[in-house]
Amino acid sequence: QQQVRQSPQSLTVWEGETAILNCSYEDSTFNYFPWYQQFPGEGPALLISISSVSDKKEDGRFTIFFNKREKKLSLHITDSQPGDSATYFCAARGNVGDNSKLIWGLGTSLVVNP
Amino acid sequence: GALVYQYPRRTICKSGTSMRMECQAVGFQATSVAWYRQSPQKTFELIALSTVNSAIKYEQNFTQEKFPISHPNLSFSSMTVLNAYLEDRGLYLCGARWQNTLYFGAGTRLSVL
């Protein structure tokens with residue numbers, strides 16, 4: 001059972017548009033949600049993260065919207081650039097024991113066309 | 001900033017042989033190191049979580065006998081893939097934990113002939 005789900009699996013937008021990547025989770029005790037960006041041939045790099053006490057986190061063109069009640073979050077990339085083309089992973093974890101392991105989604109492959 | 005270097009970036013080994021990969025945290029002291037394998041389909045499998053001076057915890061389907069890990073200090077860890085076979089192919093990622101965040105290296109891509 002996939003505890004962290006991402007949609008869509010792939011997304012194509014034009015340069016300048018806003019890309020919206022979705023993520024949902026099962027375990028209500030998860031309280032930390034990082035998003036990682038991965039380019040082909042590279043390891044995942046932390047892009048932005050949010051804790052469950054916040055409903056929004058912004059860093060430049062990247063914004064996370066978090067809905068604790070619905071156990072959903074989304075990553076918005078405004079003014080998308082071709083250089084943003086990558087795979088984006090949503091992950092989640094809690095604090096205690098096995099719950100403290102980072103659980104990964106399967107990723108959304110984003111293509112930004114010029 | 002927090003940097004994690006992995007070496008080698010790519011390696012090819014013959015089926016049944018072993019290879020060792022290294023992970024170095026630069027600029028910070030990692031409280032723990034997580035070794036992952038990323039499949040060609042991009043799914044992440046946690047192999048083991050290693051904390052200095054504590055027992056290394058292996059996940060189901062991964063064993064110390066197959067993936068021995070050394071974690072002698074807060075900036076270095078190594079893992080060996082023993083008797084590698086085709087199913088061991090993939091990108092091996094080292095994630096070093098610092099201030100509640102996992103920072104990854106670029107990975108070691110293992111190919112098995």
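Remember, it's a predicted structure, so these values are computed and weren't measured experimentally.

Definitions and limits used
Residues numbered from 1 in each chain as written. Chains lettered and ligands numbered in written order. Predicted model: local features only at pLDDT ≥ 70, side-chain atom pairs only at ≥ 80, totals over all residues. Heavy atoms only, no water. Helix = DSSP H or I, 4+ residues; strand = E, 2+ residues; numbered from the N terminus. Buried < 20%, exposed > 50% of the residue type's maximum accessible area, 1.4 Å probe, protein only. Areas by Shrake-Rupley, 256 points an atom, 1.4 Å probe, with all protein chains shown as cover. Lys, Arg positive; Asp, Glu negative; His and termini not counted. Charge placed at Lys NZ, Arg CZ, Asp CG, Glu CD. Polar contact = N/O pair within 3.5 Å; in protein donor to acceptor, adjacent residues only side chain to side chain. Contact = heavy atoms within 4.5 Å. Pairing = 2+ DSSP bridges. Axes fitted to C-alpha atoms, helices over the stretch in contact; angles between N-to-C directions. Salt bridge = Lys/Arg side-chain N within 4 Å of Asp/Glu carboxyl O. Disulfide = S-S within 2.5 Å. Patch = residues over 30% accessible without salt bridge, like charges linked within 9 Å, V, L, I, M, F, W, Y side chains within 5 Å.

A. Looking closely at the overall build of chain A. Broken down by element type, chain A carries zero helices and eleven strands. Based on the C-alpha atoms only, the size of chain A along its principal axes is roughly 45 × 30 × 20 Å. The 114 residues of chain A split such that 46% are buried. Approximately 5500 Å² of chain A is accessible, and the part contributed by carbon and sulfur atoms is 48%. Separation between the mean location of the 10 positive side-chain charges and that of the 12 negative ones in chain A comes to 9 Å.

B. Molecular detail of the side chain of B:Ser78. Residues and elements named next belong to chain B. Within the secondary structure layout, Ser78 lies in strand β8 (residues 76-81). For Ser78, a relative accessible area of 4% puts it in the buried group. Here the side chain of Ser78 touches Arg20 through a polar contact of 3.4 Å, side chain to side chain. Once you skip the residues sitting within four places of it in the chain, Ser78 turns out to touch Arg20, Met21, Glu22, Trp35, Pro68, Ile69 and Ser70.

C. Structural context of the sheet that holds β8(B). Residue and element names in this part refer to chain B. Judged by pairing direction, the sheet is antiparallel, and its four strands sit side by side in the order β1-β3-β8-β7 without closing on themselves. At either margin of the open sheet sits one strand with a lone partner, and together these are β1 (3-7) and β7 (69-73). Averaged over all pairs of adjacent strands, the angle between strand axes in this sheet comes to 15°, irrespective of strand direction. Bridge count between β1 and strand β3 (residues 19-26): five bridges; the pairing is antiparallel. Paired with Gln6 across the two strands is Cys23, which belongs to β3.

D. Spatial organisation of the pattern of salt bridges. Applying the stated criterion across every chain, the model contains eleven salt bridges over all chains. A:Lys56 serves as the salt-bridge partner of A:Glu58, at 4.0 Å between the closest nitrogen and oxygen. Between B:Asp88 and B:Lys66 there is a salt bridge, with the nearest N and O atoms lying 2.7 Å from each other. Separated by 22 residues along the polypeptide, B:Asp88 in the loop between β8 and β9 (90-98) and B:Lys66 in the loop between β6 (57-58) and β7 bring together distant segments of the chain.

E. Summary view of unusual backbone geometry. Of the consecutive residues A:Ser7 and A:Pro8, the connecting peptide bond is found in the cis state with omega at -10°. Inspection of the secondary structure puts A:Pro8 in the loop between β1 (4-7) and β2 (10-14). In this model, B:Tyr7 is joined to B:Pro8 through a cis peptide bond whose omega is -5°. In this model, A:Lys71 sits at a positive phi of 55°, which is unusual for a non-glycine residue.

F. A look at the state of the cysteines. Residue and element names in this part refer to chain B. Using the criterion set out here, one finds two disulfides over all chains in the structure. The disulfide partner of Cys23 is Cys94, and the S-S distance across this bridge is 1.8 Å. Across the S-S bond of Cys23 and Cys94 the torsion is about -55°, and the bridge reads as left-handed. Taken as a pair, Cys23 in strand β3 and Cys94 in strand β9 lie far apart in primary sequence, 71 residues in all.

G. Quick peek at a nonpolar patch on the surface. A surface patch of nonpolar side chains, about 270 Å² in accessible area, is lined by B:Leu3, B:Tyr5 and B:Val26. Along the polypeptide, B:Val26 turns up in strand β3.

H. Expanded view of the pairing of strand β8 (residues 72-77) of chain A. Residue and element names in this part refer to chain A. When you tally the buried positions in β8, you get five out of six residues, the bulk of the element. Note that strand β3 (residues 19-25) and β8 share six bridges and pair antiparallel. Paired with Asn22 across the bridge in β8 is Ser74. As paired strands, strand β7 (residues 62-67) and β8 are joined by six bridges and run antiparallel to one another. Each residue of the ladder has a partner; that of Phe66, found in β8, is Leu73. Between β7 and β8, which follow one another and run antiparallel, lie four residues, and Lys71 among them has a positive phi close to 55°.

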